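# Understanding the architecture of this molecule
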Amino acid sequence: MKGIGGRVGPDLTDLGARRNTVYIRQSIEDPGAYIVPGYQPDMPSPDKLRLSASDIDNLVAFLAGLK
Ligand code: HEM
């Protein structure tokens, strides 16, 4: 799974090894709260991405498992 993301946004390949679930959830629910150095504040809101609450739960669990 190496190389997921990395052009527009950060590489998420090993996100679960680098970030905790609280941070991962915040980065999806409120992307402007913290901007990863070297990137623009371009991440769309969950509303724009059409993510439901359960979509977000599933994404957090999936991304936290990427190690
Ligand atoms: C379901 C879709 C998406 C998920 C789950 C997601 C997830 C994430 C996560 C977890 C981070 C933080 C990464 C880190 O701390 O290393 C991040 C950052 C970022 N994402 Fe996304 N992303 C999504 C869609 C997008 C889209 C569509 C764009 C651009 C059009 C985008 C642009 C960015 C950018 C520019 C950053 C870095 C700046 C910042 O910290 O906000 N993302 N994303």
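Described in the following lines is the structure provided in the data block.

Rules and cut-offs
- Residues numbered from 1 in each chain as written.
- Predicted model: local features only at pLDDT ≥ 70, side-chain atom pairs only at ≥ 80, totals over all residues.
- Near = placed C-beta within 6 Å.
- Helix = DSSP H or I, 4+ residues; strand = E, 2+ residues; numbered from the N terminus.
- Nonpolar A, V, L, I, M, F, W, Y, C, P; charged D, E, K, R; others polar.
- Buried ≥ 20, exposed ≤ 12 C-beta atoms within 10 Å, placed from the backbone.

### Let's talk about the site of the ligand
Taken together, the neighbourhood of the ligand is formed by 22 residues, with G9, P10, V36, Y39 and M43 sitting nearest. Secondary structure elements with two or more residues in the shell around the ligand: α2 (21–29) and α4 (53–64). The leading source of residues in the shell around the ligand is α2, at three residues. Tallied by class, residues from the shell around the ligand come to 17 nonpolar, three polar and two charged.

### So, the environment of A33
Here A33 shows up in the loop between α2 and α3 (46–49). For A33, a count of 9 C-beta atoms within 10 Å corresponds to the exposed category. A33 sits 14 residues away from R19 along the chain, and the two C-alpha atoms are 15 Å apart.

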